[in-house]
Amino acid sequence: MNILVTGATGFIGSHLVEALVDKGYKVYGLFRDNKKSEFLRRLGAKPVYGDLLNKDSLINALKNIDVVFHLAAALHANTKSKKTFFDVNVLGTKNLIEACLESKVKKFVHCSSVGVHGITKRLANEDSPCKPTTDYDKSKYSAEKLVRNYLNNKMDITIVRPAAIVYGPRDFSAMYGLFKAIESKKFMIIGDGRNIIHMIYVKNLVHGMILASENKIANGQTYILADETLTTVRDIQNIIAKTLNTPKNNFHIPIWFATLLALNFEILSRIIKFSPPLTFSRVSFLTSNRAYNISKAKRELGFKSWISLQQGIQETVDWYIKNGYLKLR
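Residues numbered from 1 in each chain as written. Predicted model: local features only at pLDDT ≥ 70, side-chain atom pairs only at ≥ 80, totals over all residues. Heavy atoms only, no water.

Caption draft 1: Representation of helix α12 (residues 309-322). Between the first and last C-alpha of α12 there are 20 Å, a value that for 14 residues agrees with the 20 Å anticipated at 1.5 Å per step. By the burial criterion, the buried members of α12 are Leu309, Gly312, Ile313, Thr316, Val317, Trp319 and Tyr320. The buried residues of α12 occupy one face: seen down the axis, they fall within an arc of 160°. Among the structural elements, β7 (165-167), α6 (174-183), β9 (199-201) and α8 (233-243) are those in contact with the buried residues of α12. At the exit of α12 stands Gly324, carrying a positive phi of roughly 80°. (Helix = DSSP H or I, 4+ residues; strand = E, 2+ residues; numbered from the N terminus. Expected span 1.5 Å × (residues − 1). Buried < 20%, exposed > 50% of the residue type's maximum accessible area, 1.4 Å probe, protein only. Arc of directions from axis to C-beta. Contact = heavy atoms within 4.5 Å.)

Caption draft 2: Just the pairing of strand β2 (residues 26-31), in detail. Here β2 lies mainly inside the structure; 5 of its 6 residues are buried. Sheet analysis places strand β1 (residues 2-6) next to β2, joined by 4 bridges and oriented parallel. Directly across from Val5, in β2, lies its bridge partner Gly29. Pairing geometry for β2 and strand β3 (residues 46-49), over 4 bridges, is parallel. Looking at the pairing, Leu30 lines up with Val48 of β3. (Pairing = 2+ DSSP bridges.)

Caption draft 3: Fine view of the sheet that holds strand β4 (residues 67-70). Spatial strand order, β3-β2-β1-β4-β5-β6-β10: 7 strands in an open sheet with parallel pairing. Each having just a single partner strand, β3 and β10 (222-225) make up the two edges of the open sheet. The average angle at which neighbouring strand axes cross in this sheet is 25°, direction not considered. Pairing geometry for strand β5 (residues 107-111) and strand β6 (residues 156-162), over 5 bridges, is parallel. In the sheet register, Lys107 faces β6, and the bridge partner there is Asp156. Each of β5, β6 and β10 is contacted by helix α5 (residues 135-148), which is oriented at about 160° to β6, the strand it contacts most. (Axes fitted to C-alpha atoms, helices over the stretch in contact; angles between N-to-C directions.)

Caption draft 4: How the structure looks around the nonpolar core. Ranked by size, the top nonpolar core spans 42 residues in total, and within it Val5, Ile12, Leu16, Leu20, Phe69, Met209 and Leu225 carry the most contacts. Among the elements that take part in this core, helix α7 (residues 202-214) stands out by supplying 7 residues, more than any other. Setting aside its immediate chain neighbours within four residues, Leu225 contacts Val160, Arg161, Pro162, Ala163, Ile200, Leu205, Gly208, Met209, Ala297 and Phe303. Membership of the second largest hydrophobic core comes to 27 residues, among which are Ala61, Val105, Tyr136 and Tyr150. (Core = buried A, V, L, I, M, F, W, Y, C linked by side-chain atoms within 4.5 Å.)

Caption draft 5: Quick look at the pattern of salt bridges. Evaluated as defined, the whole model comprises 16 salt bridges. Across the pair Glu183 and Lys180 runs a salt bridge, and its minimum N-O distance is 3.6 Å. In this pair, Glu183 and Lys180 both sit in helix α6, 3 residues apart, roughly one turn of the helix. Given the relative accessible area of 34%, Lys180 is considered partly exposed. (Salt bridge = Lys/Arg side-chain N within 4 Å of Asp/Glu carboxyl O.)

Caption draft 6: The arrangement of helix α4 (residues 82-102) in detail. For α4, built from 21 residues, the straight-helix expectation of 30 Å at 1.5 Å per residue is met to within 8% by its first-to-last C-alpha distance of 29 Å. Of all the bends in α4, the greatest, near 30°, is centred on Gly92. Once α4 ends, the next one or two residues include Lys104, with phi positive near 60°. (Bend = angle between axes of the 7 residues up to and from the residue.)

Caption draft 7: Looking closely at the packing of aromatic side chains. Throughout the structure, instances matching the rule amount to 13 aromatic pairs. Each ring, one from Phe172 and one from Tyr325, has its centre 4.8 Å from the other, and the planes form 70°; the classification is edge-to-face. With Phe172 in the loop between β7 and α6 and Tyr325 in the segment after α12, this pair connects stretches of sequence that are 153 residues apart. Assessed through its relative accessible area of 42%, Phe172 is described here as partly exposed. Given a relative accessible area of 32%, Tyr325 falls into the partly exposed group. Each ring, one from Trp319 and one from Tyr325, has its centre 5.6 Å from the other, and the planes form 15°; the classification is stacked. Over the ring of Tyr223 we find Lys296; its NZ or CZ atom is 5.0 Å from the centre of that ring. (Phe/Tyr/Trp six-rings, centres within 6.5 Å; stacked < 30°, edge-to-face > 60°. Lys NZ or Arg CZ within 6 Å of the ring centre and 35° of its normal.)

Caption draft 8: Summary view of the pairing of β4. Side chains Val67 and Phe69 project from β4 onto one buried face, and the interleaved Val68 and His70 project onto a second face that is buried too. Here β4 pairs with β5 via 4 bridges, running parallel. Bridging across to β5, Val67 finds its partner in Lys107.

Such coordinate-based values are descriptive only and should not be taken to indicate function.
Spelled out as structure tokens, the structure:
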């Protein structure tokens, strides 16, 4: 079985590559930057060049490929352009799925996001309304709708929606910033910290994605993948602080004050061009509920979050410390 992973040099993609290699698959990793090809080789994958915005390059990369995991995307962490989100996440997906059909790929696993549901008042499932709020989440929802247009073609298609926060070794997104802030005792909870932010450890996520690729029942289906433990912001802070042997900061910021700070940061960032430490979307994310029902994935795929929250955070902290990104007190 020959498998191609887009976004293979990224955080989730690199863990997926490792898991697929461990299962004995022949894995190919799509890359644009030649400097990252050696990283793919170290993971056990064969690097192949391809650009989502260049369909011809994708046709070449898909020779003899049976299964494609599509993880590559323009992320909200490193772009603010609506056009970039649309070009990469929607048009790029269109180019890839059409190239897969031309290349007679048998299975296409599309990685979306639970962000398509927006803020959840109760446990959202795959049939819950989709009300994305950010430009990134809107582009992911548009990509989902595009992918579904190809469901009746001769290729199995499955959509997976990872939880609001994916964390683990090699992650340098906002979650790493949270670890750093707690380590330095600078993390402050906005509001009361009782809101739920559903997480998933990266190894649990790739386990679920592989199950979705291997199970025939998953054809034409969408699955939310999240850990079984529901966590509040306060829970997350407490577990990370305990793991780092760091006293937790009990200082809270009122939501109205955080919103005012975000407004000033965003105005200032437009004037002197810097990345604001606090934004409206970040305040919303840290103070609203984003919780999900994973019973469909458990029932149909046999999905289970084998690694607990405590173990996942411990493994993440151990990796950060080993590589010099955090210090244990």
